[in-house]
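Listed here are the chains, written in short residue letters.
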Amino acid sequence: MLRIILPLLALLLVASPARAFVSQSPAGAADAKAQAKTGADKYVELLDKLKKGDRTVDFRELRMTYTETKDYNPYGNDRAERQAMFAALSNKKWDEVLKHSEKMLEKNYVDLNAHYGAYVAQREKGNAEKADFHKFVLTGLVDSIRGKGDGKSMEQAFVVISTDEEYALLNFLGLRTMVQGLTTGGGHSYDRMTVIDPSTKTQLVFYFQIDKPFGWLGKSLKSN
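Keep in mind it's a predicted model, so treat the numbers as computed, not measured.

Rules behind the numbers
- For every chain, the first residue of the written sequence is number 1, and numbering continues from 1 onward in sequence order.
- In keeping with the model being predicted, local features are shown solely for residues with a pLDDT of at least 70 and side-chain atom pairs are shown and tallied solely at 80 or more, while totals for entire chains, interfaces and linings include all residues.
- Side-chain measures here rest on the full set of heavy atoms in the structure, leaving out hydrogens and waters.
- Confidence of the prediction at every residue is given by pLDDT, a number between 0 and 100.
- Helix and strand definitions follow DSSP, with helices as H or I runs of at least four residues and strands as E runs of at least two, each counted in order from the N terminus.
- Residue contacts are counted whenever heavy atoms from the two residues lie within 4.5 Å of one another.
- Only buried residues count toward a nonpolar core. Its members are Ala, Val, Leu, Ile, Met, Phe, Trp, Tyr and Cys residues joined through side-chain atoms within 4.5 Å.
- Burial classes: relative accessible area under 20% of the type maximum marks a residue as buried, over 50% as exposed, and values in between as partly exposed (1.4 Å probe, protein chains only).
- Throughout this description, the term salt bridge denotes a Lys or Arg side-chain nitrogen within 4 Å of a carboxyl oxygen of Asp or Glu.
- Pairing of aromatic rings covers Phe, Tyr and Trp, the last counted by its six-membered ring, and requires centre-to-centre distances within 6.5 Å; plane angles under 30 degrees mean stacked, over 60 mean edge-to-face, and any other angle means tilted.
- Expected span of a helix, by definition, is 1.5 Å for each gap between consecutive residues, and there is one gap fewer than residues.

Residues with a pLDDT of 70 or more make up 83% of the chain, whose mean pLDDT is 85. Within the chain, helix 1 (residues 26–35) has the poorest average pLDDT of any element, 46, and helix 6 (residues 112–124) the best, 98. Segment residues 1–35 is flagged for pLDDT under 50; beyond a separation of four residues in sequence, or across chains, it makes 41 contacts in the model.

So, in structure tokens, the structure goes:
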């Protein structure tokens, strides 16, 4: 994969026994319907706002609700498309880059690599407004992964929804992955990534909390 270094711009309503068998009023039914909104519904709602230019969208919420959609696959179901996009980037074939990035975003609008490709291609084609939008989304996604932690311990781990997010974030930080290992702690699962900073030759360790991907994998295995 092309190595990239970017400046990081990224109810319960517990019914009381006395009310358990009381029929709902129209207003109550409406409230219950609103509460029953699925994560997938929320993702569609947030995505619609973002595409319409709403820059107040919570990118962490956007990523987490995406994991409840039918398209969610944390183990890289678009690898061929991504490889083709990066090949087109290397050859400066901007229209091809956009073709591949658009296909990736149709399935997964929180794909960091797809937004990076779209950003570069639109910038090189002179479409400043579109380039700025993809840069904004990319930055928001990266910041939402980093959160408030530094990733250097389990307690400060970066929370990811796919293995692609791990490698994309490390690439954007200009780091090269050396060793990947699985570990657990505090009821959570983590990828322990040993990396090196090529500019300083310093070796570092980062932790990524992978509960979402593991949860998806467990459900997938049970259904097969």
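Now that the structure has been shown, the text picks up again.
Our next topic: the nonpolar core. Leu50, Leu62, Leu89, Leu112 and Phe208 are the most contacted members of the largest nonpolar core, which totals 49 residues. The biggest single contributor to this core is helix 7 (residues 128–146), with 8 residues. Apart from the residues within four sequence positions on either side, Phe208 is in contact with Ala157, Phe158, Val160, Glu166, Leu169, Leu170, Ser189, Tyr190, Asp191 and Met193.

A word on helix 8 (residues 163–172). Of all 10 residues in helix 8, 9 are buried; the element is thus mostly enclosed. The complete set of buried residues in helix 8 reads Thr163, Asp164, Glu165, Glu166, Ala168, Leu169, Leu170, Asn171 and Phe172. Just past helix 8, the residue Gly174 takes up positive phi, approximately 75°.

With that settled, the discussion passes to the pattern of salt bridges. Close approach of charged atoms allows side chains with opposite charge to pair. Summed over all chains, the structure comprises 10 salt bridges. Residue Asp48 pairs with Lys52 through a salt bridge whose shortest N-O separation is 3.1 Å. Residue classification places Asp48 among the partly exposed positions, given a relative accessible area of 37%. In this structure Lys52 comes out as exposed when scored by relative accessible area, which is 66%. Across the pair Arg55 and Asp132 runs a salt bridge, and its minimum N-O distance is 2.9 Å. Linking Arg55 in the loop between helix 2 (39–51) and helix 3 (59–66) with Asp132 in helix 7, this pair joins segments that are 77 residues apart in sequence.

The next point concerns unusual backbone geometry. You will see that Lys92, though not glycine, has its phi angle at about 55°, which is positive. Mapped onto the elements, Lys92 comes out in the loop between helix 4 (79–90) and helix 5 (94–107). Within the chain, Lys201 stands out as a residue other than glycine whose phi angle is a positive 65°. Structurally, Lys201 is set in the loop between strand 3 (188–197) and strand 4 (202–209).

The next subject is the packing of aromatic side chains. The full count for this structure, using the stated rule, is 8 aromatic pairs. Ring geometry for Tyr72 against Trp216: centres 6.5 Å apart, planes inclined by 80°, an arrangement best described as edge-to-face. Of this pair, Tyr72 sits in the loop between helix 3 and helix 4 while Trp216 is found in helix 9 (residues 211–223), placing the two residues 144 residues apart along the sequence. Aromatic side chains Tyr75 and Trp216 sit 6.0 Å apart centroid to centroid with 50° between the ring planes, which places their arrangement in the tilted category. Remark: Trp216 occurs in helix 9 and Tyr75 occurs in the loop between helix 3 and helix 4; sequence separation between them is 141 residues. By relative accessible area, which is 29% here, Tyr75 ends up partly exposed. With relative accessibility at 26%, the residue Trp216 sits in the partly exposed group. Members of the aromatic cluster, connected to one another through ring pairs, are Tyr43, Tyr66, Tyr72, Tyr75 and Trp216.

Turning to helix 5, a few remarks are in order. Here helix 5 spans 21 Å end to end across 14 residues, near enough to the 20 Å set by a 1.5 Å rise per residue. Along helix 5, the positions that sit buried rather than exposed are Trp94, Val97, Leu98, His100, Ser101, Met104 and Leu105. Check the buried side of helix 5 and you find it contacts helix 4, helix 6 and helix 7.

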